[in-house]
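Here's the letter readout for the chains.
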2 protein chains.
Amino acid sequence: MCTHLEAKDTLEIECSIEKALSVLGGKWTFLIIRDLFCGKRRFGELRRSLCGISPKTLSLRLKELETKGIIERTAYPTIPPTVEYALTEKGKSLKKIIKEMKLWGANWG
Amino acid sequence: MCTHLEAKDTLEIECSIEKALSVLGGKWTFLIIRDLFCGKRRFGELRRSLCGISPKTLSLRLKELETKGIIERTAYPTIPPTVEYALTEKGKSLKKIIKEMKLWGANWG
DNA sequence: CCGGATCCCAGTTGATACTG
DNA sequence: CAGTATCAACTGGGATCCGG
């Protein structure tokens, strides 16, 4: 039996996967989160690590993730500016998904 | 310690997550696979289930997934034509990822 | 000098009509 | 029914610019 929609099978209710994708679906999102599982990261560190991302897209994704409560932004009023990004508890709860993707990629990719 | 790159830490080697994303990263991909976990589906069934996808994009994603060995296409020479899409073993191996995403979406989405 | 913001361009996706 | 063709809308890439 198909169970896209858990509670009420109406078109207005999104299934859980759609909810997860509304947070994780953007391009680069998984890779940003993967990086942050290694610890706090600065804007420039992320940019270099995510080889190929444009600053515009990185900025956009970070804002989205912050809005959705997945990451936390901390700015220090230094010169030059220092900004750190870190996972929140909600962000850390994505660990199992990341782990399963990593396992799959290692075995089948 | 960070382990993006499992074996050799050179820029040429993609990490496992990137490999998984190269298969799963396209828009709608997860949702198509989710649908196929419920069993074989025809083109029109997928189109109606994935509320909002255009036939062009659906066609594109299905071809990609077929090329990558995730799904299998079977066409019957009937009039009107009948085409069925189903997960391969490699496709079914994505189950844990889908399951974790579903759990996360249910708890945090 | 770092963290972005802006502008313009290319590639993707969406909407819709149409065909074998 | 299962797609393809066409065009419009959006998203991301790349370079540049700027305030602190």
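Each value, and the rule that gives it
Residues numbered from 1 in each chain as written. Chains lettered and ligands numbered in written order. Predicted model: local features only at pLDDT ≥ 70, side-chain atom pairs only at ≥ 80, totals over all residues. Heavy atoms only, no water. Helix = DSSP H or I, 4+ residues; strand = E, 2+ residues; numbered from the N terminus. Contact = heavy atoms within 4.5 Å. Areas by Shrake-Rupley, 256 points an atom, 1.4 Å probe, with all protein chains shown as cover. Core = buried A, V, L, I, M, F, W, Y, C linked by side-chain atoms within 4.5 Å. Buried < 20%, exposed > 50% of the residue type's maximum accessible area, 1.4 Å probe, protein only. Near = heavy atom within 4 Å. Polar contact = N/O pair within 3.5 Å; in protein donor to acceptor, adjacent residues only side chain to side chain. Nonpolar A, V, L, I, M, F, W, Y, C, P; charged D, E, K, R; others polar. Salt bridge = Lys/Arg side-chain N within 4 Å of Asp/Glu carboxyl O. Disulfide = S-S within 2.5 Å. Pairing = 2+ DSSP bridges. Axes fitted to C-alpha atoms, helices over the stretch in contact; angles between N-to-C directions. Buried area = accessible area lost by both parts, 1.4 Å probe.

(A) Spatial organisation of the overall build of chain A. Within chain A one finds 6 helices and 3 strands. In chain A, the succession of α and β elements from N to C terminus is α-α-β-α-α-β-β-α-α. At a minimum sequence separation of 6, the contacts of chain A that also span at least 24 residues come to 44%. If you sum the accessible surface of chain A, you get close to 6400 Å²; carbon and sulfur atoms cover 55% of it.

(B) Summary view of the nonpolar core. Counting 55 residues, the largest nonpolar core has Ile-70 of chain A together with Ile-70 of chain B as its most contacted members. Beyond its immediate sequence surroundings of up to four residues, Ile-70 of chain B is in contact with Trp-104 of chain A together with Val-23, Ile-33, Leu-65, Ala-86, Leu-87, Thr-88, Lys-90, Gly-91 and Leu-94 of chain B.

(C) Main features of the protein's contact with DNA strand D. Taken together, 22 residues are adjacent to DNA strand D, and Lys-56 and Thr-57 of chain A together with Arg-42, Arg-73 and Tyr-85 of chain B come closest. Within 4 Å of the protein, the contacting atoms of DNA strand D are 66% sugar and phosphate, with bases supplying the remainder. A distance of 2.9 Å is found between a phosphate oxygen of DNA strand D and a backbone nitrogen or oxygen belonging to Gly-44 of chain B. Secondary structure elements with two or more residues in the surface near DNA strand D: α4 (55-67) of chain A together with α3 (43-49), α4 (55-67) and β3 (82-87) of chain B.

(D) Focus on the protein's contact with DNA strand C. Residues in contact with DNA strand C amount to 22 residues; listed here are only the nearest, Lys-63, Arg-73 and Tyr-85 of chain A together with Lys-56 and Thr-57 of chain B. For DNA strand C, the backbone makes up 63% of the atoms found within 4 Å of the protein, where backbone means sugar plus phosphate. Interatomic distance of 2.5 Å between a side-chain N/O atom of Lys-56 of chain B and a base oxygen of DNA strand C. For the surface near DNA strand C, the secondary structure elements donating two or more residues are α3 (43-49), α4 and β3 (82-87) of chain A together with α4 of chain B. Sorting elements by how many residues they give to the surface near DNA strand C places α4 of chain B first, with 5 residues. Taken together, the residues of the surface near DNA strand C break down into 10 nonpolar, 5 polar and 7 charged.

(E) Spatial organisation of the pattern of salt bridges. Going through the model one piece at a time under the given rule, you end up with 10 salt bridges over all chains. We note a salt bridge from Arg-61 of chain A to Glu-64 of chain A, for which the minimum N-O separation is 3.1 Å. Of the two residues, Arg-61 of chain A and Glu-64 of chain A are both situated in helix α4; the distance of 3 residues between them amounts to about one turn of the helix. For Lys-92 of chain B, the salt bridge goes to Glu-89 of chain B, with nearest N and O atoms at 3.7 Å. With a gap of 3 residues between them, Lys-92 of chain B and Glu-89 of chain B both fall in helix α5 (residues 89-92), about one helical turn apart. Via salt bridges that share partners, Glu-18 of chain A together with Arg-34 and Asp-35 of chain B belong to a single interconnected network.

(F) Representation of the state of the cysteines within the structure. Enumeration according to the criterion identifies 0 disulfides over all chains in this entry. The cysteine Cys-51 of chain B is free of any disulfide, with Cys-15 of chain A supplying the nearest cysteine sulfur at 12 Å.

(G) A look at the sheet that holds strand β1 (residues 41-42) of chain B. Residues and elements named next belong to chain B. The strand order across the open sheet formed by 3 strands is β1-β3-β2, and the pairing between neighbours is antiparallel. At either end of the open sheet lies a strand with only one pairing partner, and these are β1 and β2 (71-76). Two elements, β1 and β3, share 2 bridges in a ladder whose sense is antiparallel. Bridged to Arg-42 within β3 is Glu-84. On the sheet, helix α2 (residues 29-36) packs against β1, β2 and β3 and is oriented at approximately 95° with respect to β3.

(H) Structural detail: the interface of chain A and chain B. With 34 residues of chain A at the interface, the matching set in chain B holds 35 residues. When chain A packs against chain B, the two sides together hide about 3400 Å² of surface, and 76% of this comes from carbon and sulfur. For Arg-34 of chain A, the salt bridge is made with Glu-18 of chain B, and the minimal N-O distance between the two is 3.7 Å. On the surface where chain A and chain B come into contact, there are 5 residue pairs in polar contact (both at pLDDT 80 or more). Elements with a contribution of two residues or more to the side of chain A that touches chain B: α1 (16-24), α2 (29-36), α5 (89-92) and α6 (95-108) of chain A. Top element by residues in the side of chain A that touches chain B is α6 of chain A. It accounts for 10 residues.

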